[in-house]
Amino acid sequence: MTNTASTARKRTQGAAAWLAAGAVLALTGCAGQQAARPQPLPRAGTVYEADGRKVQLTGLTALPAPSSASAAGTSPLAAGDTVPPGYQFLYGSGEAAALSRQAFRGLVTLAVADHDRHAGHSVVLAPDATLAAPSWVDCATKPHAAVFDADETVLLNLGAEEQAARHPGPFDAEQWTRWERTGAAAVAPAPGAVEAFAALRHAGVTVIINSNRDVTTAAGTVAALKAAGLGSFTPGETLFLRDGSSGKDGRRATIAQRYCVVAMAGDQLGDFSDLFAAISSPAVRRAAADAGAIGERWGNGWFVLPNPVYGSALKGGFDDVFPLDKRWTDPGAASGQ
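Note that the structure is predicted; figures quoted are calculated from it, not measured.

Caption draft 1: Summary view of helix H6 (residues 193-202). Those residues of H6 not exposed but buried are Ala193, Ala196, Phe197 and Leu200. One side of H6 holds all its buried residues, which, seen down the axis, span an arc of 100°. Phi turns positive one or two residues past the end of H6, at glycine 204, with a value near 90°.

Caption draft 2: Just helix H2 (residues 85-92), in detail. Listed as buried for H2 are Gly86, Tyr87 and Leu90. Seen from one end, H2 has its buried residues packed into an arc of 90°, which puts them on one side.

Caption draft 3: Highlighting the pairing of strand S9 (residues 206-214). Buried residues dominate S9, accounting for eight of its nine residues. Judged from the four bridges that link them, strand S6 (residues 144-148) and S9 form a sheet pairing that is parallel. Within S9, the position partnered with alanine 145 by the bridge is threonine 206. Summarising the sheet, S9 and strand S10 (residues 239-242) pair through three bridges and their orientation is parallel. From the neighbouring strand, aspartate 214 faces S10, where its bridge partner is arginine 242. Between S9 and its parallel partner S10, the chain crosses via helix H7 (residues 218-227), and the hand of that crossover is right-handed.

Caption draft 4: Here's a closer look at the packing of aromatic side chains. Under the definition given, this model contains eleven aromatic pairs. Ring centres 5.8 Å apart and planes at 75° place the aromatic pair tryptophan 136 and tryptophan 302 in the edge-to-face group. Taken as a pair, tryptophan 136 in strand S5 (residues 136-138) and tryptophan 302 in strand S12 (residues 302-304) lie far apart in primary sequence, 166 residues in all. Judged by relative accessible area, tryptophan 302 falls into the buried class, the value being 0%. Grouped by ring-pair contacts, the aromatic residues Phe104, Phe148, Phe197 and Phe233 constitute a single cluster. Taking the ring centre of tryptophan 136 as reference, the NZ or CZ of arginine 297 above it sits at 4.3 Å.

Caption draft 5: Quick peek at the pattern of salt bridges. Counting across every chain of the model gives ten salt bridges. When the shortest N-O distance is used, the salt bridge between aspartate 151 and arginine 213 registers 2.9 Å. Of the two residues, aspartate 151 is situated in the loop between S6 and strand S7 (155-156) and arginine 213 in strand S9; the sequence distance between them amounts to 62 residues. Judged by relative accessible area, which is 0%, aspartate 151 ranks as buried. On the basis of relative accessible area, arginine 213 is assigned to the buried category, the value being 1%. The partner of arginine 252 in a salt bridge is aspartate 249, with the nearest N and O atoms 2.8 Å apart. Within this pair, arginine 252 and its partner aspartate 249 are both found in helix H8 (residues 249-258), separated by three residues, close to a single helical turn. Note on arginine 252: relative accessible area 3%, which makes it buried. The partly exposed category is assigned to aspartate 249, whose relative accessible area is 30%.

Caption draft 6: Spatial organisation of a nonpolar patch on the surface. On the surface, Phe318, Val321 and Phe322 cluster together to form a nonpolar patch covering roughly 350 Å² of accessible area. Here phenylalanine 318 is to be found in helix H11 (residues 318-321). Judged by its relative accessible area of 65%, phenylalanine 318 is exposed.

Caption draft 7: Seen up close, the sheet that holds S10. A sheet is described by the order of its strands in space; here five strands give the open sequence S10-S9-S6-S11-S12, paired in parallel fashion. The open sheet has two edge strands, S10 and S12, and neither has a second partner. Across the sheet, the axes of successive neighbouring strands diverge by a mean angle of 20°, strand direction being ignored.

Caption draft 8: Looking closely at the nonpolar core. If you look at the biggest cluster of nonpolar residues, it comprises 41 residues, and the most contacted ones within it are Phe148, Val154, Leu200, Ile209 and Leu230. Considering each element in turn, this core owes the most residues, six residues, to helix H3 (residues 94-117).

Caption draft 9: Inspection of the environment of arginine 252 at higher detail. Sequence separation between arginine 252 and serine 273 is 21 residues; the distance between their C-alpha atoms is 8.8 Å. Other than its neighbours up to four places away in sequence, arginine 252 contacts Val124, Asn210, Met264, Gly270, Asp271, Phe272, Ser273 and Asp274.

Caption draft 10: Examining the environment of glycine 301 more closely. Structurally, the position occupied by glycine 301 is in the loop between helix H10 (292-297) and S12. Residue glycine 301 is classed as buried on the basis of its relative accessible area of 0%. Counting along the chain gives 191 residues from glycine 301 to leucine 110, while the straight-line C-alpha distance between them is 7.2 Å. Dropping the residues within four chain positions of it, glycine 301 is found in contact with Leu110, Val123, Val262, Ala263 and Met264.

Basis of the calculations
- Residues numbered from 1 in each chain as written.
- Predicted model: local features only at pLDDT ≥ 70, side-chain atom pairs only at ≥ 80, totals over all residues.
- Heavy atoms only, no water.
- Buried < 20%, exposed > 50% of the residue type's maximum accessible area, 1.4 Å probe, protein only.
- Helix = DSSP H or I, 4+ residues; strand = E, 2+ residues; numbered from the N terminus.
- Arc of directions from axis to C-beta.
- Pairing = 2+ DSSP bridges.
- Right-handed = clockwise from strand over helix to strand, strands pointing away.
- Phe/Tyr/Trp six-rings, centres within 6.5 Å; stacked < 30°, edge-to-face > 60°.
- Lys NZ or Arg CZ within 6 Å of the ring centre and 35° of its normal.
- Salt bridge = Lys/Arg side-chain N within 4 Å of Asp/Glu carboxyl O.
- Patch = residues over 30% accessible without salt bridge, like charges linked within 9 Å, V, L, I, M, F, W, Y side chains within 5 Å.
- Areas by Shrake-Rupley, 256 points an atom, 1.4 Å probe, with all protein chains shown as cover.
- Axes fitted to C-alpha atoms, helices over the stretch in contact; angles between N-to-C directions.
- Core = buried A, V, L, I, M, F, W, Y, C linked by side-chain atoms within 4.5 Å.
- Contact = heavy atoms within 4.5 Å.

Take a look at the structure:
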């Protein structure tokens, strides 16, 4: 995870929009059609039939801002309201748990095999490497290590993200700092992470965290990792934190000087190389991740965990996401079929 105000966590904006829109009309029955508003306008709370649907007016004349509370001082997402889809998937679904365990199982299998055969190079890109022409740090006789991002890779920040789901809005850096300091009791391990760490340590592979949590909140991060059952970590030795720059390449280089890094895992491309951050176009970034030797690295030293809630993946317009040569016109739309 990249915990900086500059990325603003890029929350799923569409989810916030339709959840806020649900405060104006509560509709049941046929979706996709809007009932005509009767005249005169019924008072708030009135329920009436329209085109086979029940419609209840709330009395609101405009949508509240997604990040604001209602006039009564309550959150736009009160207890019991629908959780945004990205949060449902990452923190609640069996599918996300399965993907997480799948990634950790593959990582352990590869890391232990590389440890046994003494791989000749690290999975950390060399300082002069490019995505188009990657090269890798030599291992020599260094001890082996696996490097992990923390947030939404090995730690699920359930307490902080429940707050974010209930109070949609821009990333609050000060609140996140408070979370880093005090949130240890409200985290959980990513499915498969505890078992993976135990297996790696048993095989003699050192487990290292490289996180953009702040160095000033190191004690809270150490406590959170321990509370999640992931073990003890020492800042500067097995725990590397942000001290100024949010780029991770400098920390990765320090780790690679000491260890042969046989596997890395994260939920953002920046958890593998800062070179991805220099690409502004989502389509070009996707192509860079999918091409050549970089494309061959996924599942072969680099392992990605799912995160549809925030981060660098959540950007792109229609032309970025849906290529022009793959557009389709529904042949039944014109005839109404």
